[in-house]
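One letter stands for each residue in the lines below.
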Amino acid sequence: NSEGNKFPDTPLQNLLKKISSKVQLPAPSERRSLPINEMTRLEEKGLSCLKCVGMCCTGDYNSMQVDPIQGLELLAWLEKEGRLGEELDIKLNETIKEFRLDKEFALGRGREMRKRYTCPFYKGESKGCSVSRSSKPYGCLGFNPLEGNVTLPGKCASNLAVLSSREREYEKVEAIASEEVKKELGLYWDKKNLPFALKNMLEAIQTKAEDL
């Protein structure tokens, strides 16, 4: 880890385990199984993203937001992979600055305008995401090609039926888990764009570590 990111003695994976045990939250891979299985089914039919550079991950199309539990699951996975540190910190800061992701434009009733941005985990090539399927945001998993050998935008869409089924099954327990993450880290938001969410959570974790 870089000097800028000092983590507490309890790793993020243990924090995730603590919260998951408290609220009886199923494993990340289990809760993502519906869209992952649908992706596999489509791939077996020849409908895959393998030849596409992932334009859906760029600032032309992407506006993915996550709740606190999705943010913690991704950070815990990054920790396990040894990817927390200066490189990630720089990338998050660059993305936030370039797309002004720290500026909020309220729409009322606790909602804010979604902003497009290029995902910090986008590699700019085919198989362009560097995050495991078991830790991706739900919405990323549900966005799939509508035809074979897709290489152009507009040939993909969100499978709302699969995403809705997944949400109906886990919505309540995930909401409770997100509230636990908010309490543990002192977060003020329910959903944020991915770069801001991760950066804000890392800062909260660092503050908590310094208070120990």
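Residues numbered from 1 in each chain as written. Predicted model: local features only at pLDDT ≥ 70, side-chain atom pairs only at ≥ 80, totals over all residues. Heavy atoms only, no water.

**Some words on the confidence of the model for the chain**
The predicted coordinates should not be examined in detail at positions where pLDDT is low. Rules: Confidence scores here are pLDDT values: one per residue, from the predictor, ranging 0 to 100. The helix count covers DSSP runs of H or I at least four residues long, the strand count covers runs of E at least two residues long, and both are numbered beginning at the N terminus.
Averaged over all residues, the pLDDT of the chain equals 91, while 92% of them reach at least 70. Per-residue pLDDT, averaged within each element of the chain, yields its smallest value for strand E2 (residues 106-108) (70) and its largest for helix H7 (residues 160-185) (98).

**Some thoughts on H7**
Heads up, the condition is: The length a helix should cover is 1.5 Å for every residue beyond the first. Note that the bend at a residue is defined as the angle between axes fitted to the seven residues ending at it and the seven residues starting at it. Only protein chains enter the calculation, and the probe is 1.4 Å; a residue is then buried if its accessible area is under 20% of its type maximum, exposed if over 50%, and partly exposed in between.
In this model H7 runs just 31 Å from its N-terminal to its C-terminal C-alpha over 26 residues, more than 12% under the 38 Å that 1.5 Å per residue would give. The largest bend in H7 comes to about 60°, at Tyr 170. What H7 keeps buried is the set Val 162, Leu 163, Arg 166, Tyr 170, Val 173, Glu 174, Ala 177, Ser 178, Glu 180, Val 181, Lys 182 and Leu 185. Once H7 ends, the next one or two residues include Gly 186, with phi positive near 70°.

**A few points about the side chain of Glu 38**
By the element assignment, Glu 38 lies in helix H3 (residues 33-44). The class of Glu 38 is buried, set by a relative accessible area of 14%.

**A word on the pattern of salt bridges**
Which entries qualify depends on this criterion: Only one rule defines a salt bridge in this text: a Lys or Arg side-chain nitrogen within 4 Å of an Asp or Glu carboxyl oxygen.
Overall, the coordinates contain 16 salt bridges when judged by the stated rule. One salt bridge in this structure joins Lys 199 and Asp 89, with 2.8 Å as the shortest N-O distance. A residue pair is termed long-range when its members are at least 10 positions apart, and Lys 199 in helix H8 (residues 194-211) and Asp 89 in helix H5 (residues 86-98) qualify at 110 residues. Classification of Lys 199 as buried rests on a relative accessible area of 14%. In the salt-bridge network here, residues are joined through shared partners; they are Arg 31, Arg 32, Glu 73, Arg 166 and Glu 174.

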